[in-house]
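Structural characterization, general
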Amino acid sequence: MKLTLKRQAFDKILSTLGEVIPSTTVEANFKNFLINVDELNCSILASDGNLSIQANIPLTESNIIVNSLPGAIQVPAKIITDIIKQSKAEILTLELVDESLLYVSDDLSTKYELKVINALEYPSIDLSSNSSEKIDIKMSDFLSLYNCTYFATATKTPKELFKGINVSANLNHLTFVATDAYRLAKKYIDLLEDHHFSVTIPLKALSTVSHIETKNDLTLIIDNNKVLFKTGFYTISTKLYNGDFPNVDRIIPNDIVYTLEVNTKELTEAIARVTILGNKKIQIVHSDSGIEILTKDPNSGNASEKLPEATFSSNDYFSIICRADFLLDAINALNVEKAKIKFVSDTRAFLVCSDDVTNIQVITPVRSLEE
């Protein structure tokens, strides 16, 4: 095998694939990239056993590949990535001398002799699917779905499903939903065709897709126990979480009593100022003197700020406490100048929304400002 490439383009590809390489693994081969060159393509595969990503680059892709000879090899992922990042050369050549030695050289003066492993020792990874359940969407639509929901996934929980995003299709909608049991984020887009499925995809897989730099559309292929994503010359395959995702529609409050309309820039800046004290919980208060954001910290003191542009739908006194970061995430996900925060009571989950009905954020309040 011999492969001569343009370094900067190769660096971007390996950086994308490198997100999948595990930091610890019982399968040592998953620490490597599997590189295979045939008469038509150069494929580079990375996997951790559950999540896999392959770049399948046509040899005619002159912006990346200069020339090549067929062959296959496993290359240590960290070492080859660091070599490419540190190099100042424009062109790099990878040449397999024998089954266990790879020369890596540039067009300047640097040369490496790397110990490598036979390609046949790499675990079998299936990136194929016979499923007819395919959806083509714009990458910009995928990013909108992902960016409006990913932050609501759980990081520490025994409930595996809460560590992923539920992706479902029904009634010409493609919907992403995430929850950690304390908040919920839901976003959908319209589809031209009607599809019916519901799967929960690990967050890491969706994050990997979101980092791919491409102008191409994205194809989702839903299989029995996995999902494939295809865009450009990348194919991503991930196993799914088992089980039925909770019915989130019953969590979304409908019996609204109070509505707060607020300028999002004014609100986010006020939250940033009052939480300087250290307490990341805030109290939203409506009284005769208007709308106020306040907090207190037993070690630092108290802070408050009024929101002069905010309006409240009632003359009643109202107060509710929530985590500031949850509210900021929800506001940022809306990406609007003015938001509506809708309340049922001071103990019930409340709705953060805008005129865009496709984007819904729900937050559970907390009992007190005390840490």
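Located above this text is the structure these notes cover.
Below is a summary of the structure that appears in this document.

Rules of the game
Residues numbered from 1 in each chain as written. Predicted model: local features only at pLDDT ≥ 70, side-chain atom pairs only at ≥ 80, totals over all residues. Heavy atoms only, no water. Phe/Tyr/Trp six-rings, centres within 6.5 Å; stacked < 30°, edge-to-face > 60°. Helix = DSSP H or I, 4+ residues; strand = E, 2+ residues; numbered from the N terminus. Buried < 20%, exposed > 50% of the residue type's maximum accessible area, 1.4 Å probe, protein only. Lys NZ or Arg CZ within 6 Å of the ring centre and 35° of its normal. Pairing = 2+ DSSP bridges. Axes fitted to C-alpha atoms, helices over the stretch in contact; angles between N-to-C directions. Contact = heavy atoms within 4.5 Å. Parallel < 35°, antiparallel > 145°, perpendicular 65-115°, else oblique. Left-handed = near helix turned anticlockwise from the far one by under 90°. Nonpolar A, V, L, I, M, F, W, Y, C, P; charged D, E, K, R; others polar.

Another aspect to go through is the packing of aromatic side chains. Summed over the entire model, instances satisfying the criterion amount to 13 aromatic pairs. Here Tyr258 and Phe312 contribute two aromatic rings whose centre-to-centre distance is 5.5 Å and whose plane-to-plane angle is 25°, an arrangement assigned as stacked. A residue pair is termed long-range when its members are at least 10 positions apart, and Tyr258 in strand E18 (residues 258-263) and Phe312 in strand E22 (residues 311-312) qualify at 54 residues. Assessed through its relative accessible area of 14%, Tyr258 is described here as buried. Note on Phe312: relative accessible area 16%, which makes it buried. Arranged with centres 5.3 Å apart and planes meeting at 50°, the rings of Phe343 and Phe350 form a pair that is tilted. Note on accessibility: Phe343 and Phe350 belong to one class, buried. Three or more aromatic residues joined by ring pairs make a cluster, and in this case those are Phe142, Tyr146, Tyr150, Phe151, Phe176 and Phe229. Taking the ring centre of Tyr103 as reference, the NZ or CZ of Lys111 above it sits at 4.1 Å.

The strand order across the open sheet built from 8 strands is E6-E2-E3-E4-E17-E16-E15-E10, with neighbouring strands paired in antiparallel fashion. Edge strands, defined here as strands with exactly one partner in the open sheet, are strand E6 (71-76) and strand E10 (134-137). Neighbouring strand axes in the sheet, compared pairwise and without regard to direction, differ in orientation by 15° on average. Sheet topology note: the strand E2 (residues 32-37)/E6 ladder contains 6 bridges and is antiparallel.

With that settled, the discussion passes to the sheet that holds strand E26 (residues 359-363). Taken together, the 9 strands give an open sheet; going across it, the order is E14-E11-E12-E13-E26-E25-E24-E18-E22, and neighbouring strands pair in antiparallel fashion. If you trace the sheet from one side to the other, it starts and ends with strand E14 (197-202) and E22, each paired once. Note that strand E13 (residues 183-190) and E26 share 5 bridges and pair antiparallel. Within E26, the residue paired with Leu184 across the bridge is Val362. Here helix H4 (residues 203-210) sits on the sheet and contacts strand E11 (164-170), strand E12 (173-179) and E14; the angle it forms with E14, its principal contact strand, is near 85°. Across the sheet, helix H6 (residues 324-334) touches E13, strand E24 (338-343), strand E25 (350-353) and E26, and the angle it forms with E26 is around 175°.

A few words on the packing of helix H3 (residues 139-147) against H4. At their nearest, the axes of H3 and H4 sit 10 Å apart, and the two run at 140° to each other. Regarding the angle of H3 to H4, the classification is oblique. Crossing handedness for the pair H3 and H4: left-handed. Contacts from Met139, Phe142, Leu143 and Tyr146 of H3 reach H4 at Leu203, Leu206, Ser207, Val209 and Ser210. Looking at the contact of H3 with H4 residue by residue, the class counts come to 7 nonpolar, 2 polar and no charged.

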